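Tertiary structure, described
Next come the chains, spelled out residue by residue.
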Amino acid sequence: MANPEPKAIPLLLLLLKSFLLFVLLNPSLAQAGAITYNVVSFGAKPDGKTDSAKAFLNAWANACRSTAPAAIYVPPGRFLLGKVVFNGQCSNKAISITIDGTLVAPSNYNAIGNAGNWLLFQHVDGVSIHGGVLDGQGTGLWACKNSGKSCPSGATTLQFSNSNNIFIGGLTSLNSQLFHIAINGCHNVKLQAVTVTAAGNSPNTDGIHVQMSTGVTILNSKIRTGDDCVSVGPGTSGLWIENVACGPGHGISIGSLGKDQNEPGVQNVTVKTVTFTGTQNGVRIKSWGRPSNGFVKNILFQHAVMVNVQNPIVIDQNYCPDNKGCPGQASGVKVSDVTYQDIRGTSASQVAVRFDCSSKNPCSGIRMQDVKLTYQNQPAQASCIHADGTATGFIQPESCL
Ligand SMILES: *[C@@H]1O[C@H](CO)[C@@H](O)[C@H](O)[C@H]1NC(C)=O
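Here is what the cut-offs are and how they apply
- Within every chain, residues take consecutive numbers counted from 1 along the sequence as written.
- Local features in a predicted model are, by the rule used here, given only for residues with pLDDT of at least 70; side-chain atom pairs are given and counted only at 80 or more, and totals for whole chains, interfaces and linings are based on all residues.
- Hydrogen atoms and water are omitted, and side-chain values are computed over all heavy atoms in the structure.
- For helices the rule is a DSSP run of H or I covering at least 4 residues; for strands it is a run of E covering at least 2, with both sets numbered from the N terminus onward.
- A 1.4 Å probe rolled over the protein chains alone gives each residue an accessible area, and that area as a share of the maximum for its type sets the label: buried under 20%, exposed over 50%, partly exposed in between.
- Contacts were defined at the residue level, with two residues in contact if any of their heavy atoms lie within 4.5 Å.
- Charge assignment: positive for Lys and Arg, negative for Asp and Glu; neither His nor the chain ends contribute.
- In this description, the location of a charge corresponds to atom NZ of lysine, CZ of arginine, CG of aspartate or CD of glutamate.
- We call a set of buried residues a nonpolar core when its members are Ala, Val, Leu, Ile, Met, Phe, Trp, Tyr or Cys and they connect through side-chain atoms within 4.5 Å of each other.
- By definition, two strands form a pair when at least two bridges between them are found by DSSP.
- Each axis is a line fitted through C-alpha atoms, taken for helices only over the stretch in contact, and angles between the N-to-C directions span 0 to 180 degrees.
- Nearness is judged by heavy atoms alone; a residue qualifies as near a molecule or strand once a single heavy atom is within 4 Å of it.
- We call two N or O atoms a polar contact when they sit within 3.5 Å, provided that within protein one can donate a hydrogen and the other can accept it, with sequence-adjacent residues counted only if both atoms are side-chain atoms.
- Accessible areas in this description were obtained via Shrake-Rupley with a 1.4 Å probe; residue shielding takes into account the shown protein chains only.
- Ten residues, namely Ala, Val, Leu, Ile, Met, Phe, Trp, Tyr, Cys and Pro, are considered nonpolar, four, namely Asp, Glu, Lys and Arg, are considered charged, and the remaining ones, Gly among them, are considered polar.
- Lining residues are those with an atom within 4 Å of a point, where the points come from a 1 Å grid over the protein atoms alone and group into cavities, where a 1.4 Å probe fits but cannot get out, or pockets, open sets with protein on both sides within 12 Å along at least five of seven lines.
- Grid points are joined across faces, edges and corners, and a volume is the space filled by probe spheres set on the points.
- Only Phe, Tyr and Trp rings take part, Trp by its six-membered ring, and two of them pair if their centres are within 6.5 Å. Stacked means planes under 30 degrees apart, edge-to-face means over 60, and tilted covers everything else.
- Here a salt bridge means any side-chain nitrogen of Lys or Arg lying within 4 Å of a carboxyl oxygen belonging to Asp or Glu.
- Here, two cysteine sulfur atoms that lie within 2.5 Å of each other are counted as a disulfide.

**Let's talk about the overall build of the protein**
Looking only at helices and strands, one finds four helices and 31 strands in the protein. Counting only C-alpha atoms, the protein reaches 90 × 55 × 40 Å along its principal axes. Evaluated residue by residue, the protein yields a buried proportion of 48% over its 401 residues. Within the protein, counting contacts between residues at least 6 apart in sequence, those at least 24 apart form 75% of the total. A distance of 6 Å separates the average location of the 27 positive side-chain charges in the protein from that of its 20 negative side-chain charges.

**Describing the nonpolar core**
In terms of nonpolar packing, the biggest core is built from 90 residues, with Phe 160 and Tyr 340 touching the most fellow members. Not counting the four nearest positions on each side in its chain, Phe 160 is found in contact with Phe 121, Val 124, Val 127, Ile 129, Ile 166, Ile 168, Ala 182, Ile 183, Asn 184 and Cys 186.

**A few points about the pairing of strand 8 (residues 117–122)**
Two faces, one strand: in a regular strand the side chains alternate between the faces of the sheet. Counting buried positions along strand 8 gives five out of six residues, so the element sits mostly inside the fold. In this sheet, strand 8 lies alongside strand 5 (residues 84–87) in parallel orientation, the contact comprising four bridges. Paired with Phe 86 across the bridge in strand 8 is Phe 121. Pairing analysis gives five bridges linking strand 8 to strand 11 (residues 156–161), with the strands arranged parallel.

**Thoughts on the sheet that holds strand 23 (residues 281–288)**
Pairing in this open sheet of 11 strands is parallel, and the strands run 5-8-11-14-17-19-21-23-25-27-30 from one edge to the other. Every other strand in the sheet has two partners, leaving strand 5 and strand 30 (381–385) as the edge strands with one partner each. Across the sheet, the mean angle separating the axes of adjacent strands is 15 degrees when strand polarity is ignored.

**Considering the site of the ligand**
Every residue close to the ligand is listed here: Ser 237, Gln 267, Asn 268 and Asn 298. One nitrogen or oxygen atom from the side chain of Asn 268 is found 2.2 Å from an oxygen atom belonging to the ligand. Taking 360 Å² as the accessible area of the ligand by itself, protein coverage stands at 32%. Of the residues belonging to the shell around the ligand, the class tally is no nonpolar, four polar and no charged.

**Things to note about the environment of Val 283**
By secondary structure assignment, the location of Val 283 is in strand 23. Along the chain, Val 283 and Ile 313 lie 30 residues apart, while their C-alpha atoms are 5.3 Å from each other. Excluding its chain neighbours within four sequence positions, the residues that come into contact with Val 283 are Ile 252, Phe 276, Phe 301, Met 306, Pro 312, Ile 313, Val 314 and Tyr 340.

**Comments concerning the layout of surface pockets**
By volume, the largest pocket amounts to about 520 Å³. Lining of the largest pocket is provided by 25 residues; of these, Phe 179, Asp 206, Gly 255, Ser 256 and Lys 286 occupy positions nearest its centre. Elements with a contribution of two residues or more to the lining of the largest pocket: strand 17 (208–211), strand 19 (230–232), strand 21 (252–257) and strand 23. Of the residues forming the lining of the largest pocket, the biggest block, four residues, is contributed by strand 21. Here the residues of the lining of the largest pocket sort into seven nonpolar, 10 polar and eight charged.

**Digging into the packing of aromatic side chains**
As enumerated under the stated definition, the model contains nine aromatic pairs in all. With a centroid separation of 4.4 Å and 15 degrees between ring planes, the pair formed by Phe 86 and Phe 121 is classed as stacked. Pair noted here: Phe 86 is in strand 5 and Phe 121 is in strand 8, with a separation of 35 residues, a long-range link. Since its relative accessible area comes to 6%, Phe 86 is described here as buried. Overall, Phe 121 belongs to the buried group, its relative accessible area being 4%.

**Some remarks on the side chain of Asp 135**
Mapped onto the fold, Asp 135 is located in strand 10 (residues 133–135). Overall, the relative accessible area of 10% leaves Asp 135 in the buried class. For Asp 135, the contacting residues outside a window of four places in its chain are Arg 78, Thr 102, Leu 103, Val 104, Ala 105, Trp 118, Leu 174 and Asn 175.

**Notes on the pattern of salt bridges**
Summed over the entire model, instances satisfying the criterion amount to six salt bridges. A salt bridge links Asp 228 to Arg 284, with the nearest nitrogen and oxygen atoms 3.0 Å apart. Residue Asp 228 is found in the loop between strand 18 (214–224) and strand 19, and its partner Arg 284 is found in strand 23; the two are separated by 56 residues along the sequence. For the pair Asp 228 and Arg 284, a shared accessibility class is recorded, and that class is buried.

**Focus: the state of the cysteines**
Evaluated as defined, the whole model comprises six disulfides. Paired through a disulfide, Cys 229 and Cys 246 show a sulfur-sulfur distance of 2.2 Å. Here the S-S torsion is close to 85 degrees, and the disulfide linking Cys 229 with Cys 246 is therefore right-handed. Taken together, the residues span a long stretch of sequence, with Cys 229 in the loop between strand 18 and strand 19 and Cys 246 in strand 20 (residues 237–246) at a distance of 17 residues. Of the residues examined, Cys 229 reaches a relative accessible area of 0% and is grouped as buried. Two residues, Cys 357 and Cys 363, share a disulfide whose sulfurs are 1.9 Å apart. One disulfide, between Cys 357 and Cys 363, carries an S-S torsion of -100 degrees and so falls in the left-handed class. What connects to what in the protein, once the bonded cysteines are numbered by sequence position, is 1-2, 3-4, 5-6, 7-8, 9-10, 11-12. Among the cysteines around Cys 186, which has no disulfide bond, Cys 90 carries the closest sulfur, lying 14 Å off. The exposure class assigned to Cys 186 is buried, which follows from its relative accessible area of 3%.

No statement about biological role is implied by the geometric values presented.
Following this line, the structure appears as structure tokens:
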């Protein structure tokens, strides 16, 4: 093997030095080793008026096609987008989307109101979203719904379907038409420092909805909305919720479950260190009063603070809206092994603990430990129907188990 010509060595060193400088000075390459696709260079306009969906989809197509990790960048500004579907499968498992701007839905709710979703990711693996504001512009649709007129059902702001290894951090969702964020059919999803904001009387604006998913974690988030802060649907296991501030809203709800005869259950859910402020419910389990093979088991509610909450602790197995399709029937959903540990604060109604279980499938293994809930500075009350379990430690209201 011949050594390189002596004259070629300085040239090689110079090239190497230039390359290193280029990598160091280009933050996207230095940080992730990824190529960055800026939506503006694909024609997106930060003017809040020009529909930028095509530009976002082109940036996505490039990132998705890349065999190396890829990054998408949304700079500051308001980007108007109609419905956008980000489809996998992709050629890499590391697409990071950094959003410094705001994505804005059309203000006319008819534009996406019947589309089900506004921003939908499906069949993706290893996608992360960092920062950004998603403005669903839902106020027009809420007004329509609240007026009793017939209106579109609305679009969920951000949904991941049939996807794995997803991270959503530092994202803000404003005024969704329907749900803010939905996780459906996913495995290994982490949501962190998410902010959800919508009016307390906005209809069906659940903060984060999880269903048919495993290994979902929701941390350090602040949810103020008109429906459930977090709702948990059938087929959810391994859900961890910690350090969440909820309210206004309808609380954290497992259910509604058992609407269908055949339904996968919910298990292994931990809800830890949550503050509920002025909410309709605190921690709730809810099932339709009709036959089903669904179940709820192995649930831990721990370290919750209730501030003026209508129903701080509730299991309602007789859900039957408008008395349609279920009058006189019992829920088939089996509720077992539910622990309430260190739940304290104030109730806005006299009955702070209500277990209204199925006559056909009584609740079993309900465990209460260190519960202190007051109503107007007096001990609140508890009510149990078809509920079996134990109470230990300090318990107020007095246990009815
Ligand atoms: C639920 O948790 C139990 C005990 O921690 C574990 O044995 C079981 O595999 C988990 N089930 C699911 C479906 O995650």
